[in-house]
Amino acid sequence: MTLSDRAEEILEALWIELVEEKKEICRVSILKDDEAIKNLVRLGYIEIKSPQNQIQLTKKGEAEARSCVRRHRLAERLLVDILDCKKKLVHETSCKFEHFLHKGLDDNICTLLGHPRTCPHGKPIPEGPCCKDAKRKPEKLIMPLTELEINRKARISYLQTQERNVVLQKLIAMGALPMTEITLLQRFPSYVFQVGKSKFAVDRELASCIYVRVI
Amino acid sequence: MRKIVLVGSPNVGKSVLFNALTKKYVTVSNYPGTTVEVSRGKAKIGEAEYQIIDTPGMYSLLPITEEERVARRILLEEKPDLVIHVIDAKNLERMLPLTIQLLESGFPTILVLNIMDEAEKEGIIINKNLLEKELGIPVVGAVSITGEGIEELKNRIISFPQKTRDYEGFISYSLKDEIENIESILTSSYPISKWMVALLLLQEDEEIRKMVEEREKNNFPYISQIVEKVRSRYVNPLSYEVALQRQHKVREIVEKVVKVKEAKVTFQEILSRLTMNPLTGFPIFLLIIYLLYEFVGVFGAQISVDFLEKTIFGQYINPFVTKLVTSLIPWKIVQDLFVHEYGIITLGMRYAVAIILPIVATFFIAFSIIEDTGYLPRLAMLIDRMFKKIGLNGRAVIPIVLGFGCDTMAVMVTRTLETKRERIIASFLLALAIPCSAQLGVILALLSGNAPLFAIWAGVIASIFVLIGYLSSKIMPGEKPIFYMEVPPLRLPKISNVLTKTYTRVEWYLKEVFPLFIMASVLIWIGKVTRLFDLLVRLMGYPVQWIGLPKDSAVAFLFGFFRRDFGAAGLFDLKRSGVLTGVPLLVAVITMTLFIPCIAQFSMTVKERGLKTALLMAGFIFPFAFLIGGIVNLILTTLGVSL
Ligand SMILES: Nc1nc2c(ncn2[C@@H]2O[C@H](COP(=O)(O)OP(=O)(O)O)[C@@H](O)[C@H]2O)c(=O)[nH]1
Ligand SMILES: [Zn+2]
Ligand SMILES: [Zn+2]
Ligand SMILES: [Zn+2]
């Protein structure tokens, strides 16, 4: 049973208000005779409590909603980092995009992106099963430099740009920009990497802002 | 006179090139309002005289460090007739973005591909003619340390075309329309092209924003509006977008002009890896410390000092000068100013020349060698994790290691640290727990032959360094430090470089030290004549006795106010006469090591960190040194230890 786009959007908004922001009362405005709402109630995802028509997520609904948010934020990451989408367009596009990322597919995208922790706006991306697996066996396409195998050739995919701006400026000064080839030479006591013919020593904080893809 | 400005990233050989071009009339000064040094010199090239300015290292026209801000300000304010961009030929891809920024700004530019020797060794072949065509400017290959390419550079300066082309649109930015839009609104005149002004505005450059706000009073709100609008359309900071698009063009150019042959792994490369691998790196570090000890501690502080002190001063200078002065000047009081116990020559000069100079000179030779090989960044990367615990990052090893040579100079060098918090912590630790080479040399000599004494001393000082560093990193507010450092190739030190560096440092040191030592002798003399000295010695006698030292050592501590090493040298005299041994000797040495920074270091701290901070530090250190001395004394005497 698939949900309509509108129903997914409602679940997302509810989850953000009730779970992520821990608000007591939900401010999502609804129309009681909205088809999507009726459908959600019928599926047992939400409950409407009298007397004030309070909407609440059920256990089942919460899991579904979490997964919607996850897909939305993963879609944003994909659009910004890989497809180079402009900010204005990101929200609208990802709202359409997420509905294609059906279950299972979202884990593939997550793996491709190296299990990112935040969306481009800095909001946390709820973990999926793939992220938990990845902690056990690191087999990913895109990963932070800190996890790259020593002496393995890789190419920079993107930089974690939500970090402090000074960090980004430093990475630019080092020439560690997307598309550049990079090799990790050692990771202890500091991370040492090579870009072109230059070597740089950096700390963990900086190294984990560089996401690379093995070539 | 026409002006040439040298720019480029750190460590690409700008200074070497600057020296090769100028030879004479060099002045080094702080850039107004900052602590960054800028050298200016004159050169005759062809028939014309030029002023040449060497700038601090810069990576991009969008500055992040103090050095970069100064370098850019020079470009904006000096109106150079010609800019020479010096780059490391091995790293074209990383360095060409700045060349392009210079061209986009409208500066007449010559590109120097320096360090060609290393590039060739690494199998990098650059088609210079093609690069000239791609960029539309003269490109000169050079090995500035051997002088190769300097003549060609001079010829290119002479024949530099009067008119240069326009680089607007050299890179097709996705922001092109907006840049052009802003450009068309700018009505005032600017030291760089309006295209670049617009580009920097979009990248949130504070300084440029202020400049535009001043010059475009009417249009400014409208301009900000455009900037805001563009910015909201992108998720990533615009500086990042711009850097990416510029890099794209650079990559295209590099692919056309550079060919890389697979190069063999060189011995240097293997050695380089060994210095960075923790398993071999730390033993190598210890080996270096050991060699340093042999050279500075044994050759400098023992053999050379012995020779200069006992033979040169003891047998020749002192007897001769004393005889001369006593026969020329009949008054004992005036004689005392020059000779006898505290005379300018017999004490001040003897300390400065015979005890301090050999130690400091050998240390600076060793430090310059280590610096020139490129070892220091490797040490920084080995030690970063540990330094983070005391609120510093790996970069701070440079001032801290230099502190073992001369704390005063090291405090000056703390300005290269990025955050104010790190600069304060580093200056504080230098003042408290880093003995300078002269002091260290004397301490080693004092404790020599008594391993337990030395071990306790080193243990106490090291624990205090770590403990106080840890505490101050907890207390001091401010951003956490970030560590990043380029690791240059290991190079064999160049003798001429080492000599120049040692020479400038020793010269600086002597200028700093001589007047102080002479002043100290004069002050002591005045104090003696007026009896003030006795009073001070008596006052100083109290804290000294509290920590279980003989009263006579008060004199040495009083000297310590002038320079730490002066004080330590005073202890040396006491030990030799048998007044100080065992536990009191250890307590005296520990207290003296921690003791208040000498006048020179204190005034440097005031200059770099401000009077309030410096006074706070001194106010903590003075009682703290005696407190620790007292505690050590108490513990050892209670335990009945005799050393
Ligand atoms: N092999 C080689 N080393 C060079 C060359 N030019 C400079 N160096 C070395 O590079 C280091 C940095 O040079 P310096 O002039 O201090 O760089 P700056 O920071 O740009 O002023 C020094 O150790 C120089 O000896 C060169 O052409 N070839
Ligand atoms: Zn959505
Ligand atoms: Zn988001
Ligand atoms: Zn995942």
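Being a predicted model, the structure only gives us computed values, none of them experimental. (Residues numbered from 1 in each chain as written. Chains lettered and ligands numbered in written order. Predicted model: local features only at pLDDT ≥ 70, side-chain atom pairs only at ≥ 80, totals over all residues. Heavy atoms only, no water.)

**Q** Just give me the short version of the overall build of chain B, but keep the residues and values in it.
**A** The number of helices and strands found in chain B is 28 helices and 10 strands. Each principal axis of the C-alpha atoms in chain B carries an extent, and together these give about 80 × 55 × 50 Å. Residues classed as buried in chain B amount to 55% of the 643 residues present. Here the analysis covers contacts within chain B between residues at least 6 apart in sequence; of these, 75% occur between residues at least 24 apart. In the form shown here, chain B has an accessible surface area of approximately 28,200 Å², with 63% of it arising from carbon and sulfur atoms. One finds the centroid of the 69 positive side-chain charges in chain B at a distance of 4 Å from the centroid of its 61 negative side-chain charges. (Helix = DSSP H or I, 4+ residues; strand = E, 2+ residues; numbered from the N terminus. Buried < 20%, exposed > 50% of the residue type's maximum accessible area, 1.4 Å probe, protein only. Contact = heavy atoms within 4.5 Å. Areas by Shrake-Rupley, 256 points an atom, 1.4 Å probe, with all protein chains shown as cover. Lys, Arg positive; Asp, Glu negative; His and termini not counted. Charge placed at Lys NZ, Arg CZ, Asp CG, Glu CD.)

**Q** Can you break down the interface of chain B and chain A residue by residue, with the values?
**A** The interface is formed by 42 residues belonging to chain B together with 46 residues belonging to chain A. Taking both sides of the interface into account, the surface hidden between chain B and chain A amounts to around 3,900 Å²; carbon and sulfur atoms contribute 58%. Broken down residue by residue, the surface that chain B buries against chain A is led by Val 235, Tyr 240 and Ile 482 of chain B, which jointly contribute 18%. At the junction of chain B with chain A, the criterion picks out 4 salt bridges. Here Glu 122 of chain B ties to Lys 197 of chain A by a salt bridge, and the two come within 3.3 Å at their closest N and O atoms. Where chain B packs against chain A, one counts 15 residue pairs in polar contact (both at pLDDT 80 or more). Here the side of chain B that touches chain A takes 7 residues from helix α11 (residues 238–257) of chain B, the largest share from any one element. Considering only residue class, the side of chain B that touches chain A consists of 20 nonpolar, 6 polar and 16 charged. Pairing geometry for strand β7 (residues 198–202) of chain A and strand β10 (residues 484–487) of chain B, over 4 bridges, is antiparallel. Note that in β10 of chain B the partner of Phe 200 of chain A across the bridge is Glu 486 of chain B. (Buried area = accessible area lost by both parts, 1.4 Å probe. Salt bridge = Lys/Arg side-chain N within 4 Å of Asp/Glu carboxyl O. Polar contact = N/O pair within 3.5 Å; in protein donor to acceptor, adjacent residues only side chain to side chain. Nonpolar A, V, L, I, M, F, W, Y, C, P; charged D, E, K, R; others polar. Pairing = 2+ DSSP bridges.)

**Q** For the sheet that holds strand β4 (residues 153–159) of chain A, give the residues involved together with the corresponding values.
**A** Taken in spatial order, the 7 strands make up an open sheet running β3(A)-β8(A)-β4(A)-β5(A)-β6(A)-β7(A)-β10(B), and their pairing is antiparallel. A single partner strand is all that each edge strand has here, and the edge strands are β3 (142–144) of chain A together with β10 of chain B. Each neighbouring strand pair of the sheet contributes to a mean axis angle of 40 degrees, computed without reference to strand direction. Sheet topology places β4 of chain A next to strand β5 (residues 181–186) of chain A; 3 bridges connect them, and they run antiparallel. Of the residues in β5 of chain A, the one forming a bridge with Ala 154 of chain A is Ile 182 of chain A. (Axes fitted to C-alpha atoms, helices over the stretch in contact; angles between N-to-C directions.)

**Q** Mind laying out the site of ligand 1, listing which residues take part and the relevant values?
**A** Residue and element names in this part refer to chain B. Close to ligand 1 lie 18 residues; Asn 11, Lys 14, Ser 15, Asp 117 and Asn 497 are nearest. Between ligand 1 and Ser 15 there is a distance of 2.5 Å, counted from an oxygen atom to a side-chain nitrogen or oxygen. A distance of 3.3 Å separates an oxygen atom of ligand 1 from a polar backbone atom of Ile 115. Relative to its unbound accessible surface of 590 Å², ligand 1 loses 87% to contact with the protein. Listed by contribution, the elements that provide at least two residues to the shell around ligand 1 are α1 (14–22) and α4 (116–121). Of all the elements, α1 adds the most residues to the shell around ligand 1, at 3 residues. (Near = heavy atom within 4 Å.)

**Q** I'd like a rundown of the packing of helix α21 (residues 451–475) of chain B against helix α26 (residues 582–594) of chain B, residues and numbers included.
**A** Residue and element names in this part refer to chain B. Two numbers describe how α21 lies on α26: the axes approach to 10 Å, and their chain directions differ by 30 degrees. With respect to their mutual orientation, α21 and α26 come out roughly parallel. Along this stretch, α21 crosses α26, giving a crossing that reads as right-handed. Listed contacts from α26 to Leu 453, Ile 456, Trp 457, Val 460, Ile 461 and Ile 464 of α21 are Gly 582, Leu 585, Leu 586, Val 589, Ile 590, Thr 593 and Leu 594. Among the residues making up the contact of α21 with α26, the classes are represented as 11 nonpolar, 2 polar and no charged. (Parallel < 35°, antiparallel > 145°, perpendicular 65-115°, else oblique. Left-handed = near helix turned anticlockwise from the far one by under 90°.)

**Q** Pulling in residues and values, what's your account of the coordination of the zinc ion (ligand 3)?
**A** Residues and elements named next belong to chain A. Coordination of the zinc ion (ligand 3) by the protein is provided by Glu 76 (OE), Cys 119 (SG) and His 121 (ND1), with metal-donor distances spanning 2.1 to 2.4 Å. One chain supplies every donor for the zinc ion (ligand 3), spaced along it as E-x42-C-x1-H. Taken together, the positions of Glu 76 in helix α3 (residues 59–82) and Cys 119 in the loop between α5 (105–112) and α6 (129–136) put the pair 43 residues apart, joining distant regions of the chain. For the pair formed by Glu 76 and Cys 119, the shared burial category is buried. (Donors = N, O, S within 2.8 Å, 3.2 Å for Na, K, Ca; no water.)

**Q** Which residues make up the nonpolar core, and what are the values?
**A** One finds Phe 364, Leu 571 and Ile 590 of chain B to be the most contacted residues of the largest nonpolar core, which totals 111 residues. Once residues within four sequence positions are removed from consideration, Leu 571 of chain B is found in contact with Leu 446, Ser 553, Ala 556, Leu 580, Ala 588, Val 589 and Met 592 of chain B. (Core = buried A, V, L, I, M, F, W, Y, C linked by side-chain atoms within 4.5 Å.)

**Q** Which residues make up the domain arrangement of chain A, and what values do they have?
**A** Residue and element names in this part refer to chain A. Domain boundaries assigned for chain A yield domain 1 (1–140) and domain 2 (142–214). Every contact between the two is made by 14 residues of domain 1 and, on the other side, 8 residues of domain 2. A buried area of about 950 Å², summed over both sides, lies between domain 1 and domain 2, and 41% of it is on carbon and sulfur atoms. Linking domain 1 to domain 2 there are 0 salt bridges. Taken together, the links from domain 1 to domain 2 amount to 1 residue pair in polar contact (both at pLDDT 80 or more). (Domains from an automatic or database assignment.)

**Q** How would you sum up the packing of α3 of chain A against α5 of chain A? Please name residues and give values.
**A** All names here are of chain A. Relative orientation of the contacting elements α3 and α5 amounts to 40 degrees, with a least axis distance of 10 Å. Comparing the axis directions of α3 and α5 gives the class oblique. Taken as a pair, α3 and α5 cross one another with a handedness that is left-handed. Residues Arg 70, Arg 71, Leu 74 and Leu 78 of α3 form the contact with α5, whose own contacting residues are Asp 106, Asp 107, Ile 109, Cys 110 and Leu 112. Its residues assigned to classes, the contact of α3 with α5 shows 5 nonpolar, no polar and 4 charged.

**Q** Requested: an account of the packing of aromatic side chains, with residues and values cited.
**A** In total, this model carries 13 aromatic pairs over all chains according to the counting rule given. Where Phe 193 of chain A meets Phe 200 of chain A, the ring centres are 5.8 Å apart and the plane angle is 35 degrees; that geometry is what we call tilted. An identical accessibility class is assigned to Phe 193 of chain A and Phe 200 of chain A; each is buried. Note on Phe 557 of chain B and Phe 626 of chain B: the rings are 5.7 Å apart at their centroids and 40 degrees apart in plane angle, and the pair reads as tilted. Placement of Phe 557 of chain B in helix α24 (residues 553–560) and of Phe 626 of chain B in helix α28 (residues 611–638) is noted, with a sequence separation of 69 residues between them. Here Phe 557 of chain B falls in the buried class, since its relative accessible area comes to 0%. When its relative accessible area of 9% is taken as the criterion, Phe 626 of chain B is described as buried. Linked through ring pairs, Phe 363, Phe 364, Phe 367 and Tyr 509 of chain B together constitute an aromatic cluster. The side chain of Lys 249 of chain B reaches across the aromatic face of Phe 170 of chain B, ending 4.8 Å from its centre. Lying over the aromatic face of Tyr 484 of chain B, Arg 395 of chain B brings its terminal NZ or CZ to 4.6 Å of the ring centre. (Phe/Tyr/Trp six-rings, centres within 6.5 Å; stacked < 30°, edge-to-face > 60°. Lys NZ or Arg CZ within 6 Å of the ring centre and 35° of its normal.)

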